[in-house]
Every structure is written in C-alpha cells, then in structure tokens.
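Overview (structure and organization)
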Amino acid sequence: MADSNNPKNEKETRRDFIRDIVAEDCKTGKWQGRVHTRFPPEPNGYLHIGHAKSICLNFGIAADFNGKCNLRFDDTNPEKEEQEYVDSIIEDVKWLGWDWEDRLYFASDYFDQMYEWAVDLVKKGKAFVCDLTADEVTQYRGTLTQPGKNSPYRDRGIEENLDLFTRMKNGEFPDGSKTLRAKIDMAHANLNMRDPIMYRILHAGHHRTGDKWCIYPTYDWAHGLEDSIEQITHSICTLEFENHRPLYDWYLDALGIYHPRQIEFARLNLTYTVMSKRKLLKLVQDGFVKGWNDPRMPTLSGMRRRGYSPEAIRSFCAIIGVNKFNSTIDMALLEHCLREDLNKTSHRVMAVLKPLKVVVDNYPQGQVEQLDAINNPEDPSAGTRKVPFGRELYIEQDDFMENPPAKFYRLSPGREVRLRYAYFIKCVNAVKDSSGNIVQLHCTYDPATKGGDAPDGRKVKSTIHWLSAPNALSAEVRLYNNLFTKENPDDAPEGKDFTTNLNPKSLEVLTNCFVEPTLKDVKLLSRYQFERLGYFCVDSDSTKDKLVFNRTVTLRDEWAKIQKQQTQR
RNA sequence: UGGGGUAUAGUGUAAUGGUAGCACAACUGACUCUGGAUCAGUUAGUCUAGGUCCGAAUCCUAGUACCCCAGCCA
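What counts as what
- Residues numbered from 1 in each chain as written.
- Chains lettered and ligands numbered in written order.
- Predicted model: local features only at pLDDT ≥ 70, side-chain atom pairs only at ≥ 80, totals over all residues.
- Heavy atoms only, no water.
- Pairing = 2+ DSSP bridges.
- Helix = DSSP H or I, 4+ residues; strand = E, 2+ residues; numbered from the N terminus.
- Axes fitted to C-alpha atoms, helices over the stretch in contact; angles between N-to-C directions.
- Left-handed = near helix turned anticlockwise from the far one by under 90°.
- Contact = heavy atoms within 4.5 Å.
- Nonpolar A, V, L, I, M, F, W, Y, C, P; charged D, E, K, R; others polar.
- Domains from an automatic or database assignment.
- Phe/Tyr/Trp six-rings, centres within 6.5 Å; stacked < 30°, edge-to-face > 60°.
- Buried < 20%, exposed > 50% of the residue type's maximum accessible area, 1.4 Å probe, protein only.
- Lys NZ or Arg CZ within 6 Å of the ring centre and 35° of its normal.
- Disulfide = S-S within 2.5 Å.
- Near = heavy atom within 4 Å.
- Polar contact = N/O pair within 3.5 Å; in protein donor to acceptor, adjacent residues only side chain to side chain.

1. Quick word on the sheet that holds strand E18 (residues 438-446)
Reading across from one edge, E19-E16-E17-E18-E12-E15-E20 is the order of the seven strands in this open sheet, with mixed pairing throughout. Only two strands of the sheet have a single neighbouring strand rather than two, namely strand E19 (463-464) and strand E20 (466-468). Bridge count between strand E12 (residues 355-360) and strand E15 (residues 392-396): five bridges; the pairing is antiparallel. Across the sheet, Val358 pairs through a bridge with Leu393, a residue of E15.

Shown next, in the form of structure tokens:
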C-alpha cells in the first residue's frame, strides 16, 4: 500500500483567503518566493481537532507552496507548561502525518536574544521599568471607553531603566513587584497598545530552562520575535489576536528587524462538543471523562484511541474551509469524512454485540464448515478469509422480532433471511424464559443455499450477520455517543455551566459480546468494520485474554431512521 | 457609550460587476449477499432599506445582528 499517511500525496487543497494572500506574495516576490509558516502551540494541554485545523492550514500551505513549516513551542509561561504536553503534542502532529524535519523549536531557546532586544528598546527610550502593582496597572489602563493615564514611572531615565531591568533579570525583586513595559500610548483606542507589559517577574522553574530565568516575556512581546528569528513569512493565528496585530507590528518596527505578516482566521467549533483547553481540562480534572485520551474527547489522542484515522481528520480540515467569521460545523460532517475513509480501508468482520442464541435444528450435530468471506468489498486486494459455521450460532438480538412492524425485514417467526456468506435460515420457534424474554431461536437451514445464493432464485428480504457460537471470541465493546446532549454545550441555564449538558449515555459498555475468531491476535488500535454495525478499533486496554473494542462510529442506519419515525407517530 | 472584525440554503463553503454553484444534513427513487457502499433526483440561500449600473452577493450610503478586546494567560 502507498504511504497513505503522507499529506503530500493528497490532491491539492482548495483555495482560501490565506492561500490567496500567499499566492499573491509569491507572485510579487514579496518574500523572494519563500513560504515559511509555523505551528506554535503552548505546551499547556493536549491538542484537539481545532488545533488540527491550524496544523493542516500551516503545514498544508507550506506543502502547497513548496515551503516550510516549523513546529515551535510557545513556552513563555512556566506556571502552566509541562514536558508531558510537549511530548503529546509532538506525537499528535506526527500522527496527523506532518513533518517538520529538523525544525523543532522552542521560544525558550530565544530568551537570550529576546532579552537583548528588550535592552535595545530600553536604550531607544521605548521601554521602561514600571513599579505599579497588577491592580494599579489595571486601574491606570482605563476602560474600553476611557483613556488610561501614564504610569508615574514612565519617564524614568534610560540608565535607571537599564539598571533596574538588569536587576530584575538578576532576581533582586520579588514576583510581581516590577514589569518592563513598552512606551506606546496610554490613550490608544486599542487597549493592547496602552504601554503593554513585555516582561513579568516569575520565580518559577521552567520545563526547559530550569531556574536560569526569573523574568519571562509575555506573548505579545515574544511571539513576533520568535517569528522574526525563524524568518517566518506568514504568521497565521486565530481571530482573537486581530486586536494584537498592531502591537505585533509595533515591536518589530521599533526593533527594525525582519517582519512577517500576521494573518488571522476563525477557530473551529463543532456541534455536541467543547473546544477550549480550559473546558477540556475541567472534564479531565473533575473526572467527567477518563483522561485527555478518553475516546469521547475531541483531543487528537482521544480521537486516535477512538479509531479516527489521520486521513479522515485531514480531509475534514481540507473540506471545512478557512474564513474570518465564527461558525459551528456539524459533527455529522466530521463523521462523514470518517466513514468515507474507513469505508475504503477497513477490513470487514462479523461481531455480535447483543447475542441471541440460534440452534439450526436440521444442521448435523458436531459439523463445522469453513465458509469464504470477503475482507473488503471496496478493495479486492484485501482478499478473503474463512469463517466457521455450525449448528449453534449467535445473531444480534435486534435482528429478530416476534411481532415485526412494517418495514422490518429481518428475522421473525416463519420468515427466511440470509446469514451473510452462509445459508438461508427460517425461524420455526422462539423460546422464552419465565418472564417472557426471548432467549433462544430454533431455525432450519436450506443446504442448497450454501454461500448465500438460492439455486431456485428465490429472494430474501435481508442478510444478517452471525457467529458460530463455539468458535466465537468473547469481547468487551464500548459504545460512544456525543459527549453532550446539546448542539451547543454552553447553552446552559443561569448559574449552570456546560457540564450540565453532559450526555449520561456518552459511554455504554457491553461486556457480553462476541467476535470472529479471525480477531484472535489483533494489534492495538487496528480498525475494523463490524458488518452492519459500524467501525470499531482495538482499544489500548485490550489484551490477549480480554479483547476490548471501541465503536468509532456507526454505519449509516436506514432502519434506525425508520424506527425513529415510527415511534414518533 | 471606544476600538477591531464578520454576515450567502438547516450546517459549512464557492462565485473577485455577467446564469447564485458545491459538500454535509434532510427527503425521493434505483441497485445491493452489509437497511453499508454506490448511483440518480428533490427541497432550500445572498442580514435590512435605499442608491449607482444594461446588469450587484460583489460598488456606494444608512441601518441591524453577531464575535473579539479592560491577564503581569496564550
């Protein structure tokens, strides 16, 4: 099989307003034809599907225009960042199929250079050390409608500023006692321009620089410098940074250094889930899910464990487009992209989730036949396999109804159906327990229909899946549904938050399932289609003794729709 | 009440003054040894009001609605 996880093999993505800008720049030679982007996560959480949009945009543009894309950790806040997150982010971007070659960078590697530049600004009289407390800074900043006022420390002499800033770096002052601020305009209509803070004092250990630093640069000061150092051409970020662009530009102009162009796009929203790191962290910390990689989470690690393929996520990112206004994409579109990929690539296999025992009365006792089954009708090269058939079978409880309603085509008393790849069977009797539950079926088979075709040409309304009872492997299957019951989880009553909309049925564990003996030695995370049920993958909890599968997504289900319509009447 | 953004079917996205197209969803139908897949079709849209123009989603004017900004977070 070709290298399917190399995005460069995929057909070119469609144009969007950012690609238009990049194409124009290439035409005019603005960057000498170079295209260099970056994906700059802060290592303070796990990556989610929203990040995938940004990753595919940045790496995708680089791929489309024969450019480069760096992976850069924006690790300027030691209080929130951890190595665990760095590791997971590296794993996730790689899994998504992107390659940054040798360009793995950390903002913290630039701290010395950033410090030099800050000294530069102080020397130019464009930055000053401020002794205001955090509260005072807020007060002096003014409001949306009222201008701020100058800090009393704004007009300190350059020498004094230099001395104070050096001593800040040397650790002579306690946390929060001083900041370095840019000298811009306290009356500016854009609050970000009201003498923004460049450095704060933080006596905190950093996951990479240890205790070398006790002053740390703020995002606004640091980010443009990082882009400049890496000679980024197009610095792509999300909409909320639009208000920060004037500051991004101001710093670079004040320093007179290489100056990339910042372009903003709208972040991804999806129905029935949440996408902010803060909310995802809450789900993890408060135990609403079992971890960052819980298969119900929209994190890349969760989706990977759930059975999503990187190809499906990439095609989703390509199809949703890029723009500048807020939108919420229907989860159904993500699932469409998922099924589209899984349908092409997944081996089919039979599994029974809620078993109902069937005895084929006229099948010889003790006889076992090996029947041929197709591995993937979408891919003949996947070949065939043998599945054992015998007198005692399991079928799905849902595939039998004693009193079938209209349009129910499956098994019922007196009705004949086909067992996939096997025989036609007809139900003669349903055995019930004392409380009236159907516990077993007696059927007869037609030996002439071996393989599934009737020589007399008679038709059957449906084909159902089955398993030979003595040969089936038992398994646990975890069914997942939307994590939230509302399209917009934030739509909560006064005083409640998004967690009130958590779906109590987001996880259903089935412990009495059976699968084909073919699945005896499956690899973790491998993906299958359980015929007529959906796509499933081997969970990381699975062992040789106890198989565990996750339902990635169901197949489209006409019958479920009909049932829904019938019950609504 | 300041500044910065944005409005196209239910959802998402094209059309860059010249027939409003595509995808998802929904609904028909065909086909089918997965009620899967596939194929064919249907429904449905330019925020509002004026204006310019032979012609406006696109240009102009005035409104309306929504998003972002008052962290020493990113």
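Back to the text.
2. Here we look at the packing of helix H1 (residues 17-28) against helix H2 (residues 49-64)
Orientation of H1 relative to H2, taken along the N-to-C sense of each, is 35°, at an axis distance of 11 Å. Considering the relative orientation of H1 and H2, their crossing is right-handed. Between H1 and H2, the residues in contact are Ile18, Arg19 and Val22 and Leu57, Gly60, Ile61 and Asp64, respectively. The residue inventory of the contact of H1 with H2, partitioned by class, reads four nonpolar, one polar and two charged.

3. So, the domain arrangement of chain A
One can read the domain layout of chain A as domain 1 (112-218) and domain 2 (351-472). Taking only C-alpha atoms into account, the centre of domain 1 sits 75 Å from that of domain 2.

4. Observations concerning the packing of aromatic side chains
Tallying each qualifying case throughout the model produces 25 aromatic pairs. With a centroid separation of 5.2 Å and 75° between ring planes, the pair formed by Phe389 and Trp466 is classed as edge-to-face. Remark: Trp466 occurs in strand E20 and Phe389 occurs in strand E14 (residues 384-389); sequence separation between them is 77 residues. Each member of the pair, Phe389 together with Trp466, is buried. The interplanar angle of 70° and the centroid separation of 5.2 Å between the aromatic rings of Phe530 and Phe549 together place this pair among those described as edge-to-face. With Phe530 in strand E23 (residues 527-530) and Phe549 in strand E25 (residues 547-554), the pair connects residues that are 19 residues apart, well separated along the chain. Take Phe530 and Phe549: they sit in the same class, and that class is buried. Its guanidinium or amino end placed over the ring of Tyr140, Lys149 lies 4.9 Å from that ring's centre, counting from NZ or CZ.

5. Some points on the state of the cysteines
If you walk through the whole model with that rule in mind, you get zero disulfides. Counting only cysteine sulfurs, Cys317 is the nearest neighbor of Cys56, a cysteine outside any disulfide, at a range of 3.9 Å. Note on Cys56: relative accessible area 10%, which makes it buried. Cys317 provides the cysteine sulfur closest to Cys337, a residue in no disulfide bond, and the two sulfurs are 8.8 Å apart. The buried category is assigned to Cys337, whose relative accessible area is 2%.

6. Section: the protein's contact with RNA strand B
Lining the immediate environment of RNA strand B, one finds 68 residues, of which Asn323, Arg348, Arg410, Arg418 and Gly451 sit closest. When atoms of RNA strand B within 4 Å of the protein are sorted by moiety, sugar and phosphate together comprise 65%. Between Arg200 and RNA strand B, the recorded distance is 2.7 Å, taken from a side-chain N or O atom to a phosphate oxygen. Between RNA strand B and Glu242, the relevant distance is 3.2 Å, taken from a sugar or linking oxygen to a side-chain nitrogen or oxygen of the residue.

7. Let's talk about the sheet that holds strand E1 (residues 36-39)
Strand pairs in the sheet, formed through backbone hydrogen bonds, run parallel or antiparallel to each other. Here we have three strands laid out as an open sheet, ordered E1-E2-E3, and parallel in their pairing. The open sheet has two edge strands, E1 and strand E3 (104-106), and neither has a second partner. Within the sheet, the average angular offset between the axes of one strand and its neighbour, ignoring direction, is 35°. For E1 and strand E2 (residues 68-73), the ladder comprises four bridges, and the chain directions are parallel. Its bridge partner being in E2, Thr37 is matched across the sheet by Cys69. In this fold H2 packs onto E1 and E2, with an angle of close to 160° to the strand it touches most, E1.

8. Observations regarding the side chain of Glu476
Along the chain, the position of Glu476 falls in strand E21 (residues 473-480). Of note is the side chain of Glu476, whose polar atom sits 2.8 Å from the side chain of Arg478. Every residue in contact with Glu476, bar those within four places of it in the chain, is listed here: Val509, Leu510, Thr511, Lys546, Leu547, Val548 and Phe549.

9. Overview of unusual backbone geometry
You will see that Gln231, though not glycine, has its phi angle at about 55°, which is positive. Structurally, Gln231 can be placed in the loop between helix H7 (219-229) and strand E8 (234-238). Its identity is not glycine, yet Tyr421 carries a phi of approximately 65°, on the positive side.

10. Let's talk about the environment of Val439
Mapped onto the elements, Val439 comes out in strand E18. For the pair Val439 and Asn9, spaced 430 residues apart in sequence, the C-alpha separation works out to 52 Å. Non-local contacts of Val439, meaning those with residues more than four positions away in its chain, are made with Leu356, Lys357, Val431, Lys432 and Asp433.

11. Examining the pairing of strand E6 (residues 197-201)
Across three bridges, the pairing between strand E5 (residues 179-182) and E6 is antiparallel. Counterpart to Leu180 in the pairing with E6 is Tyr199. Here three bridges tie E6 to strand E7 (residues 215-217), and the two strands are oriented antiparallel to one another. Bridge pairing in E7 places Ile201 opposite Ile215.

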